[in-house]
Amino acid sequence: MPNTGSSSNNLPATPEVGLPLWLLAELTYRCPLQCPYCSNPLDFAAQGQELSTEQWFRVMAEAREMGAAQLGFSGGEPLVRQDLAELIGEGRRLGYYTNLITSGIGLTEQKIAAFKEAGLDHIQISFQASDEQVNNLLAGSKKAFAQKLDMARAVKAHGYPMVLNFVTHRHNIDKIDRIIELCVALEADFVELATCQFYGWAHLNRVGLLPTRAQLERAERITNEYRAKLQAAGNPCKLIFVTPDYYEERPKACMNGWGSVFLTVTPDGTALPCHGARQLPVQFPNVREHSMQHIWYDSFGFNRFRGYDWMPEPCRSCDEKEKDFGGCRCQAFMLTGDASNADPVCAKSAEHGIILKAREDAEHAHQTIDELTFRNERNSRVIVRS
Ligand code: SF4
Ligand code: SF4
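So, how was this worked out
Residues numbered from 1 in each chain as written. Chains lettered and ligands numbered in written order. Predicted model: local features only at pLDDT ≥ 70, side-chain atom pairs only at ≥ 80, totals over all residues. UniProt positions renumbered as here; feature names shortened; annotations may be inferred. Pairing = 2+ DSSP bridges. Helix = DSSP H or I, 4+ residues; strand = E, 2+ residues; numbered from the N terminus. Near = placed C-beta within 6 Å. Nonpolar A, V, L, I, M, F, W, Y, C, P; charged D, E, K, R; others polar. Buried ≥ 20, exposed ≤ 12 C-beta atoms within 10 Å, placed from the backbone. Contact = placed C-beta atoms within 7 Å.

An unreviewed UniProt entry annotates the protein as PqqA peptide cyclase of Pseudomonas donghuensis. Per UniProt, the comment on the protein under Pathway (unreviewed entry) is "Cofactor biosynthesis; pyrroloquinoline quinone biosynthesis." Heading Subunit (unreviewed entry) of the UniProt record for the protein holds this comment: "Interacts with PqqD. The interaction is necessary for activity of PqqE."

What follows is the structure, encoded as structure tokens:
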């Protein structure tokens, strides 16, 4: 990837590389739950050995030296790592703002207290639904909902700012009012009502998960009504509503631009510009073999889609490319087979019909929750073998 030169409308071909402000540490792909919309790779069961505690220490230290300020611990379920408190402690020592992104399964009052002691700043707990039965069906665990409720209460009791995250889709979005009521009752500081984005297992299950336009519009309207009510009541709870790309006419500025702010390290040490990028036909560096400095500034993978010179038409000569960078490379690859193409979410893309067809399919879909393919080791191994 050339580092100099100009693109068609005098933008630098590769803008000056920014700092990797956000480090996402995907500590493990192990997880006791099996959400059918999980963004982990379909072949997670075949991935290599997890990084050791010391290897994570080095990753965190090098990224911090390069300017990283936010550190997220995710997975899989990060709580299955026995060294999580140690990793949090090291993150704090290095000066990061640390965030634990968890399903709440495996969390205990003692762990919450130990993480606080280690310096954890923030906890995000994900729920599958506001209804116990649907939540447990989607999670694949009969105890999940009760455990999540207990842990959300415990997180608040220990004085953490708390984000509750609900991935919404056609099977739970009609209960958006109950979801919001539950979050308010749990005293969440922020509620992320994130309509499913179609990567990993969600892409596999798209027909059974994509809501209809009517479902989405209703949910957004109700969310806005609750926002107004909460504000009028002086309740500080903030509702964040994320629409799915599939109902947009322009793509999102994915990761704020390839290799511009985000740096993800996967359980086996593969470094990625976003957590979905592993599926792309691009060689990505591994932290076992390279310094973070090399990975961020010099590796082929992180430079592959920086700047504008890689873009074919219609993005190349488009006057909106500085806003969205051509959209999501993973979505372009999954839907068109070529990661360089414009994200087909864009109405200017020749492949936008794929998105229109998906919306149309959503109007007629009738898959039940039982018919979805759940994210678990067995299904992952079947996918690897096929
Ligand atoms: S989305 Fe569900 S299955 Fe995937 S890591 Fe999170 S809790 Fe586990
Ligand atoms: S053509 Fe490309 S750059 Fe222009 S709006 Fe669409 S995706 Fe963005």
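Still to come is the rest of the account.
**Q** An account of the sheet that holds strand S9 (residues 271-272) is needed here, citing residue identities and associated values.
**A** Pairing is mixed across the open sheet formed by 9 strands, whose spatial order is S7-S6-S5-S4-S3-S2-S1-S8-S9. The outermost strands of the open sheet, each flanked by one partner alone, are strand S7 (238-242) and S9. As paired elements, strand S1 (residues 22-26) and strand S2 (residues 70-74) share 5 bridges and run parallel to each other. The residue of S2 that forms the bridge with glutamate 26 is serine 74.

**Q** Tell me about the site of ligand 2, and name the residues and values.
**A** Around ligand 2, the surrounding shell holds 14 residues, and the nearest of these are Cys315, Cys318, Glu320, Lys321 and Cys346. The class makeup of the residues in the shell around ligand 2 is 6 nonpolar, 2 polar and 6 charged.

**Q** Any chance you could break down the UniProt feature "domain: Radical SAM core" (unreviewed entry) in the protein for me, citing the residues and the numbers?
**A** This chain's UniProt record puts "domain: Radical SAM core" (unreviewed entry) on residues 17-233. Here residues 17-233 is 44% helix and 16% strand, with 44 Å between the C-alpha atoms at its ends.

**Q** So what's going on with the UniProt feature "binding site: [4Fe-4S] cluster" (unreviewed entry) in the protein? Which residues, and what values?
**A** Here, UniProt's "binding site: [4Fe-4S] cluster" (unreviewed entry) annotation points to Cys31, Cys35 and Cys38. Assignment of secondary structure puts cysteine 31 in the loop between S1 and helix H1 (53-65). Cysteine 31 sits in the buried class, given 24 other C-beta atoms within 10 Å. Beyond its immediate stretch of four places on either side in the chain, cysteine 31 contacts Gly75, Gly76 and Glu77. Within the element layout of this structure, cysteine 35 appears in the loop between S1 and H1.

**Q** Please set out the site of ligand 1 residue by residue, giving values where relevant.
**A** In the vicinity of ligand 1, the residues found are Cys31, Leu33, Gln34, Cys35, Cys38, Asn40, Gly75, Gly76, Glu77, Ser103 and Arg375. The class makeup of the residues in the shell around ligand 1 is 4 nonpolar, 5 polar and 2 charged.

**Q** Account for unusual backbone geometry, with residues named and values stated.
**A** Backbone torsion omega between glycine 75 and glycine 76 reads 25°, so that peptide bond is classified as cis. Tracing the backbone through its elements, the reader meets glycine 76 in the loop between S2 and helix H2 (84-94). Going from glutamate 313 to proline 314, the amide bond is cis rather than trans, its omega being 5°. One non-glycine residue, glutamate 187, adopts positive backbone phi at about 60°.

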